[in-house]
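# Understanding the architecture of this molecule
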Amino acid sequence: MDQFEGTSRLIAGLLYGSGLRLMEALRLRVKDIDFMRNEITVRDGKGGKDRRTMLAATIKPDLTRHLDRVKRLHENDLAQGFGRVYLPYALDRKYPNAAADWIWQYVFPSRVLSTDPRSGIKRRHHLNESTVSGAISEAVERAGVKKHATSHSFRHSFATHLLEAGYDIRTVQELLGHEDVSTTMIYTHVLNKGGKGVKSPLDA
């Protein structure tokens, strides 16, 4: 993590600390982060399902400061006649003012305004996936890591390290949002603990 800085460091922290996929992190809205419960709600994840995962305590101070900056950016956008974000499921028709509300804004907004090709509205989208992927590649190179690493590598490490720490595989499955536990079982092979991830009593 020391090779990252700024927003990229925060996003990498969420990928590893919360087990998020890259696009899940980029699509986070302000309302999806619960600082009181140390919880993140992932909306419309893979398979179209919502899930909850943990918010690492160590990332909270930096994330709080980041959101303060994002809020000032949003207020500035509003003052200039912008500040309305894209809402899913036609919510903008059901709640006409929601698109301008702070809670609906992206946690990681783009640095520039752009015109939405679907609606023709000029607004601030979330950060581009390629921007973060590029920052990860640069960080891996600076760290001198010779193995291929991507944004998904952080999610793999999240799962592997939880299993190493002794957490139940069903808990890890729920945090990752895997529909089938067999997908999560892949990580037990990474640990060299066999298909069930069970330690022999002779080794205990």
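In this report, the structure presented in the accompanying data block is examined.

A separate point is the overall build of the protein chain. The number of helices and strands found in the protein chain is eight helices and five strands. Listing every helix and strand of the protein chain by position from the N terminus yields α-α-β-β-β-α-α-β-β-α-α-α-α. A burial count over the protein chain gives 40% of its 204 residues as buried. Counted over contacts in the protein chain with a minimum sequence separation of 6, partners at least 24 positions apart contribute 52%. Of the accessible surface of the protein chain, which amounts to about 12300 Å², a share of 51% is contributed by carbon and sulfur atoms.

Our next topic: the environment of His 161. Here His 161 lies in helix H6 (residues 151-164). Of the residues examined, His 161 reaches a relative accessible area of 36% and is grouped as partly exposed.

One way to see where empty space is left: roll a probe the size of a water molecule over the atoms. For the largest pocket, the calculated volume is near 500 Å³. For the largest pocket, the lining is made up of 22 residues, of which Arg 27, Arg 29, Arg 43, Asp 44 and Pro 88 are closest to its centre. Of all the secondary structure elements, the ones that give two or more residues to the lining of the largest pocket are helix H2 (22-26) and strand S2 (39-42). In terms of residue class, the lining of the largest pocket is built from nine nonpolar, four polar and nine charged. Taken together, 20 residues make up the lining of the second largest pocket; nearest its centre are Arg 21, Lys 46, Gly 177, His 178 and Glu 179.

Analysis parameters
Residues numbered from 1 in each chain as written. Predicted model: local features only at pLDDT ≥ 70, side-chain atom pairs only at ≥ 80, totals over all residues. Heavy atoms only, no water. Helix = DSSP H or I, 4+ residues; strand = E, 2+ residues; numbered from the N terminus. Buried < 20%, exposed > 50% of the residue type's maximum accessible area, 1.4 Å probe, protein only. Contact = heavy atoms within 4.5 Å. Areas by Shrake-Rupley, 256 points an atom, 1.4 Å probe, with all protein chains shown as cover. 1 Å grid on protein atoms, 1.4 Å probe; cavity = no way out; pocket = protein on both sides within 12 Å on 5 of 7 lines; lining within 4 Å. Points joined across faces, edges and corners; volume = space filled by probe spheres on them. Nonpolar A, V, L, I, M, F, W, Y, C, P; charged D, E, K, R; others polar.

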